[in-house]
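Survey of secondary and tertiary structure
Letter by letter, the chains look like this.
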Amino acid sequence: KREINMAQDKLIMTLLLIQIEAIIGALFFSWLSKKIGNKNVISITVALWIGACLSAYYVNKENPNVEYQFYGIAAGIGLVMGGLQSMSRSTYSKLLPPTDEPTTFFSFYDVLEKTSIIVGTFTYSTIVAQTGAVKPAALAMAAFFGIGLLILFKLKNQVAPK
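This structure is a prediction, so every number in the text was calculated from the model and none was measured. (Residues numbered from 1 in each chain as written. Predicted model: local features only at pLDDT ≥ 70, side-chain atom pairs only at ≥ 80, totals over all residues. Heavy atoms only, no water.)

Regarding its fold elements, the chain presents five helices and zero strands. Starting at the N terminus, the α and β elements of the chain follow one another as α-α-α-α-α. Overall, the chain is about 55 × 30 × 30 Å in size when its C-alpha atoms are taken along their principal axes. Burial analysis of the chain (162 residues in total) assigns 29% to the buried set. Of the contacts made within the chain by residues no fewer than 6 positions apart, 71% connect residues no fewer than 24 positions apart. Taking the 14 positively charged and 9 negatively charged side chains of the chain as two groups, their mean positions are separated by 9 Å. (Helix = DSSP H or I, 4+ residues; strand = E, 2+ residues; numbered from the N terminus. Buried < 20%, exposed > 50% of the residue type's maximum accessible area, 1.4 Å probe, protein only. Contact = heavy atoms within 4.5 Å. Lys, Arg positive; Asp, Glu negative; His and termini not counted. Charge placed at Lys NZ, Arg CZ, Asp CG, Glu CD.)

Spelled out as structure tokens, the structure:
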């Protein structure tokens, strides 16, 4: 709130809109994955996440259009959030060996997902607490996504449609 001087009700409404856009993003990126493949879609969504984090870094609360910048970044985040989550789960399921008990594999996936949420949130909040600003934390999140994108580029394309 203090970074962009917006009213709390506008911030809450933005969060709700992000969730709706996540559904649209999941549908769009699902369609796109049929055209260009899961790994390419995941690469695109991670790159868009990096762009969103860097955009957040460059938001200036003194700019009279800061509210619209915030909405634009939020719109982008909503789309890629749903797309990345659905593509990640879909790709993971395609990598699993044939089994009658896939819940074990997805439990492992959920543990890794929760661990990354904890590490990301801890890093973000620690940086904000230490610096008193969100901008350095946005750069750290961009770095995390950048590392993930580099790892993704190193992987062979082993995901075949089922």
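Time to look at the packing of helix H1 (residues 8–36) against helix H2 (residues 38–57). Taken N-terminus to C-terminus, the directions of H1 and H2 make an angle of 130°; their axes are 7 Å apart at the nearest point. Classified by the angle their axes make, H1 and H2 are oblique. Of H2, the residues touching H1 (which contributes Phe29, Leu32, Ser33 and Ile36) are Asn38, Asn40, Val41, Ile44, Thr45 and Leu48. Residues that form the contact of H1 with H2 fall into these classes: six nonpolar, four polar and no charged. (Axes fitted to C-alpha atoms, helices over the stretch in contact; angles between N-to-C directions. Parallel < 35°, antiparallel > 145°, perpendicular 65-115°, else oblique. Nonpolar A, V, L, I, M, F, W, Y, C, P; charged D, E, K, R; others polar.)

So, about the side chain of Thr45. Looking at the element boundaries, Thr45 is found in helix H2. Here Ile42 takes part through its backbone oxygen, which lies 2.9 Å from a polar atom of the side chain of Thr45. Excluding its chain neighbours within four sequence positions, the residues that come into contact with Thr45 are Phe29, Val80, Gly83 and Leu84. (Polar contact = N/O pair within 3.5 Å; in protein donor to acceptor, adjacent residues only side chain to side chain.)

Quick look at the side chain of Thr14 now. Position of Thr14 relative to the elements: it lies in helix H1. A distance of 2.7 Å separates the side chain of Thr14 from the backbone oxygen of Lys10, its partner in a polar contact. Other than its neighbours up to four places away in sequence, Thr14 contacts Phe70, Tyr71 and Ala74.

It is worth spelling out the confidence of the model for the chain at this point. Averaged over all residues, the pLDDT of the chain equals 88, while 95% of them reach at least 70. Within the chain, H2 carries the highest mean pLDDT (94), whereas helix H3 (residues 66–95) carries the lowest (89). (pLDDT = per-residue confidence, 0-100.)

Let us look at the packing of aromatic side chains. Scanning all chains against the criterion turns up nine aromatic pairs. The interplanar angle of 10° and the centroid separation of 5.1 Å between the aromatic rings of Trp49 and Phe145 together place this pair among those described as stacked. Highlighted residues: Trp49 in helix H2 and Phe145 in helix H5 (residues 135–154), separated in sequence by 96 residues. Look at Phe145 and you get partly exposed, because its relative accessible area is 22%. Where Tyr92 meets Phe106, the ring centres are 5.4 Å apart and the plane angle is 75°; that geometry is what we call edge-to-face. Note that Tyr92 is positioned in helix H3 and Phe106 in helix H4 (residues 103–131), a separation of 14 residues in sequence. On the accessibility criterion, Phe106 (23% relative accessible area) is partly exposed. Counting every residue linked through ring pairs, the aromatic cluster contains Phe28, Phe29 and Trp31. (Phe/Tyr/Trp six-rings, centres within 6.5 Å; stacked < 30°, edge-to-face > 60°.)

Its 20 residues place the ends of H5 29 Å apart at the C-alpha level, agreeing with the 28 Å of an ideal helix rising 1.5 Å per residue. Residues of H5 that are buried include every one of Ala137, Ala138, Ala140, Met141, Ala142, Gly146, Leu149 and Leu152, and no others. (Expected span 1.5 Å × (residues − 1).)

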